[in-house]
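# An overview of the molecular structure
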Amino acid sequence: MSQENIEIVRGIFDRWNRKERDFVEGEVHPDVEIRSRLQAEPYRGWAGLKLWMQEIDDQFEEWQLVVKEWRDTGDLVVGLGHIGIRGQGSGIEFDQPIGWLVELSEGKPRRMEFFVEPRDALAAAGLAE
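The shown structure was predicted, so the numbers you read here are calculated from the model rather than taken from an experiment.

## Thoughts on the environment of Val67
Position of Val67 among the secondary structure elements: in strand 3 (residues 60-72). Residue class for Val67 comes out partly exposed when judged on its relative accessible area of 23%. Separated by 13 residues in sequence, Val67 and Leu80 have C-alpha atoms that sit 5.4 Å apart. Setting aside anything within four residues of it in sequence, one finds Val67 in contact with Phe13, Gly79, Leu80, Gly81 and Trp100.

## Re helix 1 (residues 2-17)
Taking 1.5 Å as the rise per residue, helix 1 with 16 residues should run 22 Å; its terminal C-alpha atoms sit 23 Å apart, in good agreement. Regarding helix 1, the residues found buried are Asn5, Ile6, Val9, Ile12, Phe13, Arg15, Trp16 and Asn17. Those residues of helix 1 hidden inside the fold are in contact with helix 2 (45-59), strand 3, strand 4 (76-87), strand 5 (93-105) and strand 6 (108-115). Looking one or two places after helix 1, you find Lys19, whose phi comes out positive at around 60°.

## Re the nonpolar core
One finds Phe13, Trp16, Ile34, Leu49, Trp52 and Trp63 to be the most contacted residues of the largest nonpolar core, which totals 27 residues. At the level of secondary structure, the elements contributing two or more residues to this core comprise helix 1, helix 2, strand 3, strand 4, strand 5 and strand 6. Take this core: its biggest share by element is five residues, from helix 1. Leu80, Leu101, Ala121 and Ala125 belong to the second largest nonpolar core, which has eight residues in total.

## Digging into the pairing of strand 4
Walk down a regular strand and you will see the side chains alternate between the two sheet faces. Of all 12 residues that make up strand 4, 11 are buried, and the element is covered over most of its length. Examined bridge by bridge, strand 3 and strand 4 share 11 bridges and lie antiparallel to one another. In the strand pairing of strand 4, Glu62 is matched with Arg86. Connecting strand 3 to the antiparallel partner strand 4 that follows it, the hairpin turn spans three residues, and Gly74 within it adopts a positive phi of roughly 100°. From the end of strand 4 to the start of strand 5, which pair antiparallel, there are five residues, and Gly89 there has a positive phi angle of about 85°.

## Here's the deal with helix 2
A rise of 1.5 Å per residue sets the reference length of helix 2, with its 15 residues, at 21 Å; its end C-alpha atoms lie 21 Å apart and thus fit the reference within 8%. Those residues of helix 2 not exposed but buried are Gly45, Gly48, Leu49, Trp52, Met53 and Ile56. Buried residues in helix 2, looked at end-on, bunch into an arc of 135°, giving them a common side. Residues of helix 2 that are buried in the fold lie against helix 1, strand 1 (33-35), strand 2 (43-44), strand 3 and strand 6.

## Topic: the packing of aromatic side chains
Under the definition given, this model contains five aromatic pairs. On the basis of an interplanar angle of 80° and a centroid distance of 5.3 Å, the ring pair of Phe13 and Trp100 is categorised as edge-to-face. With Phe13 in helix 1 and Trp100 in strand 5, this pair connects stretches of sequence that are 87 residues apart. On the basis of relative accessible area, Trp100 is assigned to the buried category, the value being 1%.

## Remarks on the pattern of salt bridges
As a working rule, side chains carrying opposite charge can pair if their charged atoms are close by. Evaluated as defined, the whole model comprises 15 salt bridges. Glu62 is the salt-bridge partner of Arg86, the closest N and O atoms lying 3.7 Å from each other. Highlighted residues: Arg86 in strand 4 and Glu62 in strand 3, separated in sequence by 24 residues. Each of Lys19, Glu61, Glu62, Arg86 and Glu93 takes part in a single network of salt bridges with overlapping partners.

Reading the values: rules and limits
- Counting starts from 1 at the beginning of each chain's written sequence and moves along it residue by residue.
- Note on the predicted model: pLDDT of at least 70 is required for a residue's local features to be given, and 80 or more for side-chain atom pairs to be given and counted; whole-chain, interface and lining totals, by contrast, use all residues.
- Values reported for side chains reflect all heavy atoms of the structure, with hydrogen atoms and water molecules removed beforehand.
- The secondary structure listing takes helices from DSSP runs of H or I that are at least 4 residues long and strands from runs of E that are at least 2 residues long, numbered from the N terminus.
- Residue burial is assigned from relative accessible area. The probe radius is 1.4 Å, only protein chains are included, and a residue is buried under 20% of its type maximum, exposed over 50%, and partly exposed in between.
- The contact criterion used is simple: two residues touch if any of their non-hydrogen atoms lie within 4.5 Å.
- To estimate how far a helix should extend, the number of its residues minus one is multiplied by 1.5 Å.
- Only buried Ala, Val, Leu, Ile, Met, Phe, Trp, Tyr and Cys residues count toward a nonpolar core, and they belong to the same one when joined by side-chain atoms within 4.5 Å.
- When DSSP finds at least two bridges between two strands, those strands are taken to pair.
- To obtain the arc, one takes the directions from the helix axis to the C-beta atoms.
- The criterion for an aromatic pair is that two Phe, Tyr or Trp rings (for Trp, the six-membered ring) have centres within 6.5 Å, with stacked assigned to planes under 30 degrees apart, edge-to-face to planes over 60 apart and tilted to the rest.
- Salt bridges are counted wherever a side-chain nitrogen of Lys or Arg sits within 4 Å of a carboxyl oxygen of Asp or Glu.

Okay, structure coming up:
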């Protein structure tokens, strides 16, 4: 089951990087929640997910998720790597180590959280470095 969950999350990240962001409502859990350091309150539900994606596309010309290592604890998948972004209009590029925590429920993303420090994603999942 855990490798299957990693493949689900890897597939979502791969689609994102190909700019195939035409996710349909049934592909994510109805109560999906996205937590980002860019927003104090999480984005919630299908409308929140769409708003989050739109805000990213409005602000960034490029947004690449590079995962070097995957770990899982069953329903939690952690990706460790970095994010490469380029500002919309400004062209300013930024590359940052990052950790992602994705909680799956019924085989669908239920919660996605982004951590500036990859070790924080591991800690949130109850995993050691």
